Amino acid sequence: MRGWAAGLASCTGVLALVVISPHSSGQEKTRKAGAVASRAASASAGPAAVSYAQRFAGLCAACHGANGRSDMPLTPVLAGQPSFYSITQLFLFREGRRSNEAMTAVAKTFTDDDMRGFSEYIGTLPPVPAPPSATAPDKARMDKGRALAQQHKCVFCHGTDFSGGQQVPRIAGQREDYLKMSLRGFHDGTRPGYTQAMTAAVSQIPLEDLDTLAYYVARFPAPVPGDK
Ligand code: HEC
Ligand code: HEC
C-alpha cells in the first residue's frame, strides 16, 4: 500500500496521501463498442492544446455522459466526484490494480498529466441528481438502508449526505447497479481499494444488506414515503 501511495504521490505531485478522516457533516452540503474504448485509449496522443473538457467530451462522455451522469449499465456517474478520488481510481486502473476492460484500455496510456487533467475536470462537474423514478421508493427498504448506513458507519466517511470528499467518493445518487457491483466487489475482494477502508467496512456485511444499502444510497436524497 505504501508503494502505491508513493507511486501516486510522485506522479501527481501530491505530497502526502491524506489519511482517512471523518467526514465533517456540517462542512458540505454493457459495454459500448470496443471502438469507444480504443479511441479513448489513444487519449494521451492528443495535442496538449486540446483541453481536458474537450477530451472528456470526445473520449469519456460516450460512456459516462456529457455532464458526467452515465445512463449506461454498470458505468459510474462521475458528476460531483472529488478530483482526488478520481485520480486514485485512474491510477489503480493504469497500474492494473483495479481491472475493467474498458477503463484499463483507457487508463493504460495516460500520462501523469492526463490523470491529473481528467481528474481535475471531473472535479468541476457539478452533481447531477438521479432522474426521478416513476415509482416511489419502497419505504421499508429505504428505512432499512438508512439504519444500515448508520450502523455500519458509512455516513462517518462518506458524509451524512453521502457527498464524499478528498479520496472518499460521492455515492449519493450513484447508479444502483454500479453501487451493488462495487459493494459486492469490495466484499469478495475482487475490487481492490486504494486503501483497505472499504474492505474493512463491508467484508462482514451480508450481501442482502449490501444490496439494500445500494438501493437506499442510489435514491438518496429522495424522500422516504411517510416521512414529512
Ligand atoms: C467504454 C466505456 C468507457 C469509456 C470510454 C470511459 N469509461 Fe470510465 N468507466 C467505465 C466503466 C464501465 C467504469 C467502471 C469500471 C469498474 O466497474 O471497475 C468506469 C470507471 C471510471 C472511473 C472510476 C469511477 C468510480 O466511481 O470509481 C473514472 C474516474 C473514470 N471511469 C474516468 C473515465 C475517463 C476520464 C474517461 C475518458 C478518458 C473514461 N472514464 C472513459 C467505462 C468507460
Ligand atoms: C473508513 C471510511 C469508510 C467507511 C466506513 C465506508 N467507506 Fe465507502 N469508501 C471509502 C473510501 C476511501 C472509498 C474509495 C475506495 C478506494 O480506496 O479505492 C470508498 C468507496 C466506496 C464505494 C465505491 C464508489 C465508487 O464510485 O466506485 C462505495 C459504493 C462505498 N464506498 C459505499 C460505502 C458504504 C455503503 C459504506 C457503509 C457500509 C461505506 N462505504 C463505508 C471510505 C469508507
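The sections below set out a description of the structure shown in this document. (Residues numbered from 1 in each chain as written. Chains lettered and ligands numbered in written order. Predicted model: local features only at pLDDT ≥ 70, side-chain atom pairs only at ≥ 80, totals over all residues.)

Observations regarding the overall build of the chain
Counting its secondary structure elements, the chain contains 12 helices and 0 strands. The buried share among the 228 residues of the chain stands at 36%. (Helix = DSSP H or I, 4+ residues; strand = E, 2+ residues; numbered from the N terminus. Buried ≥ 20, exposed ≤ 12 C-beta atoms within 10 Å, placed from the backbone.)

Regarding the packing of helix 10 (residues 176–188) against helix 12 (residues 207–219)
The N-to-C vectors of helix 10 and helix 12 enclose an angle of 145°; their axes lie 9 Å apart at closest approach. For the element pair helix 10 and helix 12, the recorded crossing hand is right-handed. Of the residues in helix 12, those in contact with E176, L179, K180, L183, R184 and H187 of helix 10 are L207, L210, D211, L213, A214, Y215, V217 and A218. Grouping the constituent residues of the contact of helix 10 with helix 12 by class yields 9 nonpolar, 1 polar and 4 charged. (Axes fitted to C-alpha atoms, helices over the stretch in contact; angles between N-to-C directions. Left-handed = near helix turned anticlockwise from the far one by under 90°. Contact = placed C-beta atoms within 7 Å. Nonpolar A, V, L, I, M, F, W, Y, C, P; charged D, E, K, R; others polar.)

Quick look at helix 8 (residues 139–151)
Taking 1.5 Å as the rise per residue, helix 8 with 13 residues should run 18 Å; its terminal C-alpha atoms sit 18 Å apart, in good agreement. Those residues of helix 8 that fall on the buried side of the exposure criterion are M142, G145 and A149. In a view along the axis of helix 8, the buried residues occupy a sector of 60°, so they form one face of it. Turned more than 90 degrees away from the buried face of helix 8, the exposed residues are K139, A140, Q150 and Q151. Buried residues in helix 8 make contact with helix 9 (154–158) and helix 12. Directly beyond the C-terminal end of helix 8, a positive phi value near 65° is found at K153. (Expected span 1.5 Å × (residues − 1). Arc of directions from axis to C-beta.)

What about the packing of helix 5 (residues 83–94) against helix 7 (residues 112–123)?
Two numbers describe how helix 5 lies on helix 7: the axes approach to 8 Å, and their chain directions differ by 145°. Our pair here, helix 5 against helix 7, has a crossing hand that is right-handed. Here S83, S86, I87, L90, F91 and R94 of helix 5 come into contact with helix 7, specifically with M115, R116, F118, S119, E120, I122 and G123. In terms of residue class, the contact of helix 5 with helix 7 is built from 6 nonpolar, 4 polar and 3 charged.

Brief notes about the site of ligand 2
As a structural note, the neighbourhood of ligand 2 is formed by 25 residues, with C154, C157, G193, Y194 and A201 the closest of them. Each residue belonging to the shell around ligand 2 can be placed in one class, and the counts come to 16 nonpolar, 8 polar and 1 charged. (Near = placed C-beta within 6 Å.)

What to know about the environment of G145
Mapped onto the fold, G145 is located in helix 8. Look at G145 and you get buried, because 25 C-beta atoms sit within 10 Å. Taking the C-alpha atoms as reference points, G145 and D211, 66 residues apart in sequence, are found 8.9 Å from one another.

A closer look at the environment of P221
Its location among the elements puts P221 in the segment after helix 12. Linking P221 and A130, residues 91 residues apart in sequence, is a C-alpha distance of 9.6 Å. Those residues in contact with P221 that sit more than four places away from it in its chain are D161 and A172.

Focus: the nonpolar core
The nonpolar side chains of a soluble globular protein tend to be buried, and buried together. In terms of nonpolar packing, the biggest core is built from 46 residues, with L90, F118, L183, L213, A214 and V217 touching the most fellow members. If you tally residues by element for this core, the top one is helix 5, at 7 residues. Per-domain counts for this core show at least three residues from each of domain 1 (2–13 + 35–123) and domain 2 (139–219). L90 has contacts with A107, F110, M115, F118 and S119, leaving out every residue within four places of it along the chain. (Core = buried A, V, L, I, M, F, W, Y, C linked by C-beta atoms within 7 Å. Domains from an automatic or database assignment.)

Note that every value here comes from positions in space, so none of it alone points to a role or purpose.
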